[in-house]
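In case you want the letters, here they are:
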Number of protein chains: 2
Amino acid sequence: MTTDKNTKHKATQQKLKEKVDKGIAAATVQVGVCILLTGDGKGKSSSAFGMVIRSLGYGHKVGIVQFIKGEQLSGEEIYIKEKYPSLPFYQMGTGFTWDTQDREGDIVAAQSTWVEAEKLLQNPEINLVVLDELTYMLAFDYLSEATIINAIKNRPVQQSVVITGRGGGSVLREIADTVSEVKNIKHAYDLGIQAQKGVDF
Amino acid sequence: MTTDKNTKHKATQQKLKEKVDKGIAAATVQVGVCILLTGDGKGKSSSAFGMVIRSLGYGHKVGIVQFIKGEQLSGEEIYIKEKYPSLPFYQMGTGFTWDTQDREGDIVAAQSTWVEAEKLLQNPEINLVVLDELTYMLAFDYLSEATIINAIKNRPVQQSVVITGRGGGSVLREIADTVSEVKNIKHAYDLGIQAQKGVDF
């Protein structure tokens, strides 16, 4: 009985291995990728910061730009700024739109933050660029979609870029190589549980 | 015209702020949370490692257990082991099931790896426990669901736990406070682009 199960398992896994190996052999292009992490669920920005750690693990160069966020301190911000004071890390720093309630001021802040993002997207020494919460700048029409798409498309060929935030629009989806939609199935917050230091921010 | 837009924006954001503030006021419970990151899209493990950085940013204690993975070196593994040699970091280390093709060997490895996970889930000094790819151990029936659910439910009240992997089963979904389903909309790999160091592993 157990032997049967083991034999069957081996056969299934052998077939699976053939499939996996075939897939790996077919993936031959070596270029940086554009990744869009969208949707309303938890895990988009934290995933981007996980990739930052992955990159730093290989000694790659990373640049980070955070749109919207920046008023409240976050664990990843403390961490990166303390451990990597020379890593390019720009934050719009105006806080959430419902805090500023100031459209014109937000637009000015968005545009000067974008200037920093654009520099990173033109720098071939940077392996990974994180554009955290960039999608909202498009949704609110604070930044020009054409300018952003153009900068992403024309970045150095080996550079990867990770964009996070709900929405983002169909053009961004189209030019992204990888798109994950993080769906909120449920969130602790809706159960009355406070946002957690080290987990939520 | 622009003034109208700005005034409307301010009014909308004021209303939104009231809603946000009400929500924050309603979330009064301070406990650790159980987060399940599931689905077939990219970003589950990287999100868990993003939370690791968040936690370390606040000086919290973290423990990591990786099921399945461990044969191929990853950026996050290099990073954590180099920078935090004393951080509890256990890996099943058998590689993918299609590589081992050895069900009985995998079960033994899963169970001895679980022993380490259980120790972390009983240690009130650990603020965040990552159980990367744990769901597969349930799907393959390598570990007892009851044992796992029990250990998670009875962990120290301030401890958070992040579980990643496709599936996981309805009981795990039920006891989790936060569940995100990461849906694969598209993946660079399917376009023939090789998995990227620092991005995919």
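Each value, and the rule that gives it
- Residues numbered from 1 in each chain as written.
- Chains lettered and ligands numbered in written order.
- Predicted model: local features only at pLDDT ≥ 70, side-chain atom pairs only at ≥ 80, totals over all residues.
- Heavy atoms only, no water.
- Phe/Tyr/Trp six-rings, centres within 6.5 Å; stacked < 30°, edge-to-face > 60°.
- Helix = DSSP H or I, 4+ residues; strand = E, 2+ residues; numbered from the N terminus.
- Buried < 20%, exposed > 50% of the residue type's maximum accessible area, 1.4 Å probe, protein only.
- Lys NZ or Arg CZ within 6 Å of the ring centre and 35° of its normal.
- Contact = heavy atoms within 4.5 Å.
- Buried area = accessible area lost by both parts, 1.4 Å probe.
- Salt bridge = Lys/Arg side-chain N within 4 Å of Asp/Glu carboxyl O.
- Polar contact = N/O pair within 3.5 Å; in protein donor to acceptor, adjacent residues only side chain to side chain.
- Nonpolar A, V, L, I, M, F, W, Y, C, P; charged D, E, K, R; others polar.
- Pairing = 2+ DSSP bridges.
- Axes fitted to C-alpha atoms, helices over the stretch in contact; angles between N-to-C directions.
- Least-squares fit on C-alpha atoms with pLDDT ≥ 70 in both.
- Expected span 1.5 Å × (residues − 1).
- Patch = residues over 30% accessible without salt bridge, like charges linked within 9 Å, V, L, I, M, F, W, Y side chains within 5 Å.
- Areas by Shrake-Rupley, 256 points an atom, 1.4 Å probe, with all protein chains shown as cover.
- Lys, Arg positive; Asp, Glu negative; His and termini not counted.
- Charge placed at Lys NZ, Arg CZ, Asp CG, Glu CD.
- pLDDT = per-residue confidence, 0-100.
- Parallel < 35°, antiparallel > 145°, perpendicular 65-115°, else oblique.

Undergrad: Can you explain the packing of aromatic side chains? Please cite residues and give values.
TA: Note on aromatic pairs: each is described by the distance of the centres and the angle between the planes. This model, assessed by the stated rule, comprises 6 aromatic pairs over all chains. Arranged with centres 6.4 Å apart and planes meeting at 45 degrees, the rings of Phe49 of chain A and Phe89 of chain A form a pair that is tilted. Linking Phe49 of chain A in helix α2 (residues 44-57) with Phe89 of chain A in strand β3 (residues 89-91), this pair joins segments that are 40 residues apart in sequence. The pair formed by Phe49 of chain A and Phe89 of chain A is uniform in burial state, with each residue classed as buried. Aromatic side chains Phe201 of chain A and Tyr58 of chain B sit 6.1 Å apart centroid to centroid with 85 degrees between the ring planes, which places their arrangement in the edge-to-face category. Of this pair, Phe201 of chain A sits in the segment after β6 (178-186) while Tyr58 of chain B sits in the loop between α2 (44-57) and β2 (62-66), which puts the two residues in different chains. Seen from the ring of Phe89 of chain A, Lys81 of chain A lies directly overhead, with NZ or CZ sitting 5.3 Å from the centre.

Undergrad: Tell me what's going on with the interface of chain A and chain B, and back it up with residues and numbers.
TA: Counting residues at the interface gives 84 residues for chain A and 84 residues for chain B. A combined buried area of about 7300 Å² lies between chain A and chain B, and 55% of that area is made up of carbon and sulfur atoms. Considering only the side of chain A, the residues that lose the most area to chain B are Arg54, Tyr58 and Gln101 of chain A, jointly responsible for 11% of the buried surface there. Where chain A meets chain B, there are 2 salt bridges. A salt bridge links Glu76 of chain A to Arg54 of chain B; the nearest nitrogen and oxygen atoms lie 2.8 Å apart. The interface formed by chain A and chain B holds 51 residue pairs in polar contact (both at pLDDT 80 or more) in total. Within the residue set of the side of chain A that touches chain B, elements represented by two or more residues are α1 (2-26), β1 (34-38), α2, α3 (75-83), α4 (97-100), α5 (103-121), α8 (170-175) and β6 of chain A. Sort the elements by how many residues they give to the side of chain A that touches chain B and α1 of chain A lands first, with 13 residues. The residue inventory of the side of chain A that touches chain B, partitioned by class, reads 32 nonpolar, 31 polar and 21 charged.

Undergrad: Any details on the sheet that holds strand β5 (residues 160-164) of chain A? Residues and values, ideally.
TA: Taken in spatial order, the 12 strands make up an open sheet running β3(A)-β2(A)-β4(A)-β5(A)-β1(A)-β6(A)-β6(B)-β1(B)-β5(B)-β4(B)-β2(B)-β3(B), and their pairing is mixed. The open sheet has two edge strands, β3 of chain A together with β3 (89-91) of chain B, and neither has a second partner. Here the average twist between neighbouring strands, direction ignored, is 15 degrees. Sheet topology note: the β1 of chain A/β6 of chain A ladder contains 4 bridges and is parallel.

Undergrad: How would you explain the relation of the copies chain A and chain B if you had to name every residue and give the values?
TA: Overlaying chain A with chain B gives an RMSD of 0.0 Å, the required rotation being 180 degrees about an axis along which the chain moves by 0.0 Å. Here the symmetry operator amounts to a two-fold rotation axis. With an isologous cut-off of 70% or more, the 100% of interface residues of chain A that recur at the interface of chain B puts this contact in the isologous class.

Undergrad: Could you give an account of the pairing of β5 of chain A, with specific residues and numbers?
TA: Put simply, side chains in a regular strand alternate between the two faces of the sheet. All names here are of chain A. By the criterion of burial, β5 is predominantly enclosed, with 5 of the 5 residues buried. Burial along β5 is two-sided: Ser160, Val162 and Thr164 facing one way and Val161 and Ile163 facing the other are all buried. Here 4 bridges tie β1 to β5, and the two strands are oriented parallel to one another. Residue Cys34 lies in a different strand from β5, and its bridge partner there is Val161. Pairing of strand β4 (residues 128-132) with β5 involves 4 bridges; the strand directions are parallel. Bridge pairing in β5 links Leu131 to Ile163.

Undergrad: Which residues make up the pattern of salt bridges, and what are the values?
TA: All names here are of chain B. Applying the stated criterion across every chain yields a total of 10 salt bridges over all chains. Note that Lys81 is salt-bridged to Glu77, the shortest N-O span being 3.8 Å. Here Glu77 and Lys81 lie together in helix α3 (residues 75-83), a separation of 4 residues that amounts to about one turn. With a relative accessible area of 41%, Lys81 lands in the partly exposed category. The exposure class assigned to Glu77 is buried, which follows from its relative accessible area of 5%.

Undergrad: So, α2 of chain B: which residues are in play, and what are the values?
TA: Taking 1.5 Å of rise per residue, 14 residues should cover 20 Å, and α2 of chain B covers 20 Å from first to last C-alpha, within 8% of that figure. Downstream of α2 of chain B by one or two residues, Gly59 of chain B has phi in the positive range, about 75 degrees.

Undergrad: Give me the lowdown on unusual backbone geometry, citing residues and values where you can.
TA: All names here are of chain A. With a phi angle near 70 degrees, Glu133 is a residue other than glycine that sits in the positive phi range. With respect to the element layout, Glu133 can be found in the loop between β4 and α6 (134-139). Judged by its relative accessible area of 10%, Glu133 falls in the buried class.

Undergrad: Tell me about a positive patch on the surface, and name the residues and values.
TA: A contiguous patch of positive charge on the surface is contributed by Arg173 and Lys183 of chain A together with Arg173 and Lys183 of chain B. Of note, Lys183 of chain A is situated in strand β6.

Undergrad: Any chance you could break down the confidence of the model for chain A for me, citing the residues and the numbers?
TA: The predicted model of chain A has a mean per-residue pLDDT of 91, with 96% of residues at 70 or higher. We note a pTM of 0.89 for the whole complex and an ipTM of 0.88 for its interfaces.

Undergrad: Would you mind going over the packing of α2 of chain A against α3 of chain B in detail, with residue names and values included?
TA: At a minimum axis distance of 7 Å, the contact between α2 of chain A and α3 of chain B shows a crossing angle of 75 degrees. The angle between the axes of α2 of chain A and α3 of chain B places the two elements in the roughly perpendicular class. For the pair formed by α2 of chain A and α3 of chain B, the contact residues are Ile53, Arg54, Leu56 and Gly57 of chain A on the first element and Gly75, Glu76, Ile78 and Tyr79 of chain B on the second. Grouping the constituent residues of the contact of α2 of chain A with α3 of chain B by class yields 4 nonpolar, 2 polar and 2 charged.

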